[in-house]
Amino acid sequence: MPGYFRRKTFDILARWGSLAMVMVALVPLVAVLGYLTYKGIGGISWAFFTQLPKPVGETGGGMANALSGSAILVGLAGLIGLPVGLLGAIYLAEYGDNAFGKGVRFCTDVMAGIPSITVGIFVYGLVVLRMRRFSALAGAVTLAILMLPIVMRTTEELLRLVPVTLREAGLALGLPKWRVILGVVLRTGASGIATGVMLAIARVAGETAPLLFTAFGSRFISLKLDQPMGSLPVQIYTYAVSPYEDWHRQAWAAALVLVLLVLALNLLARVITRQPGSGR
Amino acid sequence: MSTAASNFSIQTRDVNLWYGDFQALKNVSVNINQGEVTALIGPSGCGKTTLLRCFNRINERYGNVKTTGEIRILGKNAYDPDVSLIELRKAVGMVFQRPNPLPISVYENVVFGLRVHSARSSLKKSLLDEAVEKSLQEVSLWDDLKDRLHVRATTLQLEQQQKLCIARLLPLKPEVILMDEPCSALDVEATLAVEDLMLALAGTYTILIVTHNMAQARRVSRECAFMLLGEVVEVNRTQDLFLTPRDSRTADYIEGRYG
Ligand SMILES: Nc1ncnc2c1ncn2[C@@H]1O[C@H](COP(=O)(O)OP(=O)(O)OP(=O)(O)O)[C@@H](O)[C@H]1O
Ligand SMILES: [Mg+2]
């Protein structure tokens, strides 16, 4: 039976071949994490989280400004982007089976593929030039726009996963459609939606390029939204290209913190999805 | 609702229904007795589900459905423009092929309809508790579940889930309960349990059940309607329909010639 052996050989080749490729794919991931930890762990200290940057030339200081800035920028971006994204997703999932819905879906897909720096330039022209200064607001708007397609498409997909039979259960109990959406679809899909939100936040938390010319950066903790504001990615960039050894150390530490934050968000998303009653 | 309604819960006259260009129901005229179990049988695709779904107008979910003719539910034409879908669906409950409790607690499943349809101020806890106990008693789940009212309904056994789906209709005080192959996802024992439940509920409620299983139709129904290719071929007392079918197509089906 030569056919049998041929199949068997192919089977073994395919199996070990693909395993080998998975290993190759894992190399950069493990390498990045390992190298980051190696270079960054030394820079992490209490001061790193609590202190402001020291003036050039002095060693020490921390990134409290960038941490608080990132939190504010991402939070504000969520405040702007999430309501739009979530409602948009509900529209697409529940009412979007028409030409208009198709069009919107296509646009969001295109939007998801636009390089983030393009969005930065757009907001630079729209907000920064008008206000005549860099501002946290401009940064948040940029991040919100970047979040939008991610939130919209993941949420739509997850809402569509809510079984038809559950929607019909609601309708058959006399609920009007909007109450089915609120009481059945959103309730059933809640954990899925939360996951989509987490992933979108994780995705924009590391954006650097579009913040360079919108939120710019700041060495101080500031709550003023019409003023420039620091952020982790931008500060990493600034420190990394600087000539100072101490700044390099801090840049590594900040990069490590950023990765850990994103990792935490992803893990959180997993935990939420795995909870029973996610409807799946 | 109306006194003109004689002893029929549902009366249809010349109902035709199209999905787009495809005619799924043809001149359907049937009367469904009040307070009895009536079975709808027929081969796959003959329109049983479609007819059932006319009675609570849930067919309208699909945009391309056109219905003509008259469907009187409790004496009132369900397709009159002034009919409230909410009231109609409270009066005509539906049980589905796959048990579909909402992924919330047993308790919340039972009171879901009440919460949606009553003013919040009228929903005292005692009233809700009472509705839960009464409804679960009626479907004989109370003893099994009274200590587990707060577990997620989707974690119950399928039989319990399906009974719960019946129980959650009851607080809305329905007159008619439509069931579309309610046992097809259940094993033999669970099927028998749900059939017993149907027999127990008949009398209080009018029950209309779609089934593929002729033995089941014989066990639970007083009357039986045989459908074929969108038409109701024959309606008769169940035992007569099975023993002495009047139409040769019914006889063929009963003898298994359509599969
Ligand atoms: N939403 C729909 N759009 C178009 N055609 C449909 C739709 N629903 C049902 N049909 C068609 O209408 C006919 C009747 O379907 P229906 O589901 O009522 O049959 P049924 O008797 O319940 O079958 P089964 O025993 O398989 O459940 C079938 O030919 C089916 O393909
Ligand atoms: Mg069917």
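What you see is a predicted model; the values in this text were computed from it and never measured.

Observations regarding the interface of chain B and chain A
Working step 1: Listed by partner, the interface residues are 19 residues for chain B and 16 residues for chain A.
Working step 2: Only helix H2 (85–91), strand S7 (92–95) and helix H3 (106–117) of chain B provide two or more residues apiece to the side of chain B that touches chain A.
Working step 3: The element contributing the most residues to the side of chain B that touches chain A is H3 of chain B, with 4 residues.
Working step 4: Classifying every residue of the side of chain B that touches chain A by side-chain character gives 8 nonpolar, 6 polar and 5 charged.

Looking at the domain arrangement of chain A
Residues and elements named next belong to chain A.
Working step 1: Segmentation of chain A into domains returns domain 1 (2–43) and domain 2 (46–274).
Working step 2: Computed over C-alpha atoms, the centres of domain 1 and domain 2 are 31 Å apart.
Working step 3: Here the side of domain 1 that touches domain 2 is built from residues that sort into 2 nonpolar, 4 polar and 1 charged.

Observations regarding helix H6 (residues 158–167) of chain B
Working step 1: For H6 of chain B, the buried fraction is high: 9 of the 10 residues fall into the buried class.
Working step 2: For H6 of chain B, the elements touching its buried residues are S7, H3, helix H4 (125–138), helix H5 (142–145) and helix H7 (188–201) of chain B.

Let's talk about the site of ligand 1
Residue and element names in this part refer to chain B.
Working step 1: Tyr19, Ser44, Lys48, Thr49 and Thr50 are the nearest of the 13 residues found near ligand 1.
Working step 2: For the shell around ligand 1, the secondary-structure elements that each account for two or more residues are strand S2 (22–28) and helix H1 (48–54).
Working step 3: Ranked by residues supplied to the shell around ligand 1, first place goes to H1 with 3 residues.
Working step 4: Grouping the amino acids of the shell around ligand 1 by side-chain chemistry returns 5 nonpolar, 7 polar and 1 charged.

Notes on the nonpolar core
Side chains that are nonpolar tend, in soluble globular proteins, to be buried together.
Working step 1: Judged by nonpolar contacts, the single largest core of 123 residues is most densely connected at Met147 of chain A together with Ile73 and Leu178 of chain B.
Working step 2: Broken down by element, the residue count for this core peaks at 16 residues, all from helix H6 (residues 136–160) of chain A.
Working step 3: Discounting residues that sit within four places of it in the chain, Ile73 of chain B has contacts with Ile10, Phe55, Ala78, Leu88, Ala91, Val92 and Val176 of chain B.
Working step 4: Leu232, Ala254, Leu256 and Leu258 of chain A belong to the second-largest nonpolar core, a separate cluster that totals 16 residues.

Scoring rules and cut-offs
Residues numbered from 1 in each chain as written. Chains lettered and ligands numbered in written order. Predicted model: local features only at pLDDT ≥ 70, side-chain atom pairs only at ≥ 80, totals over all residues. Contact = placed C-beta atoms within 7 Å. Helix = DSSP H or I, 4+ residues; strand = E, 2+ residues; numbered from the N terminus. Nonpolar A, V, L, I, M, F, W, Y, C, P; charged D, E, K, R; others polar. Domains from an automatic or database assignment. Buried ≥ 20, exposed ≤ 12 C-beta atoms within 10 Å, placed from the backbone. Near = placed C-beta within 6 Å. Core = buried A, V, L, I, M, F, W, Y, C linked by C-beta atoms within 7 Å.

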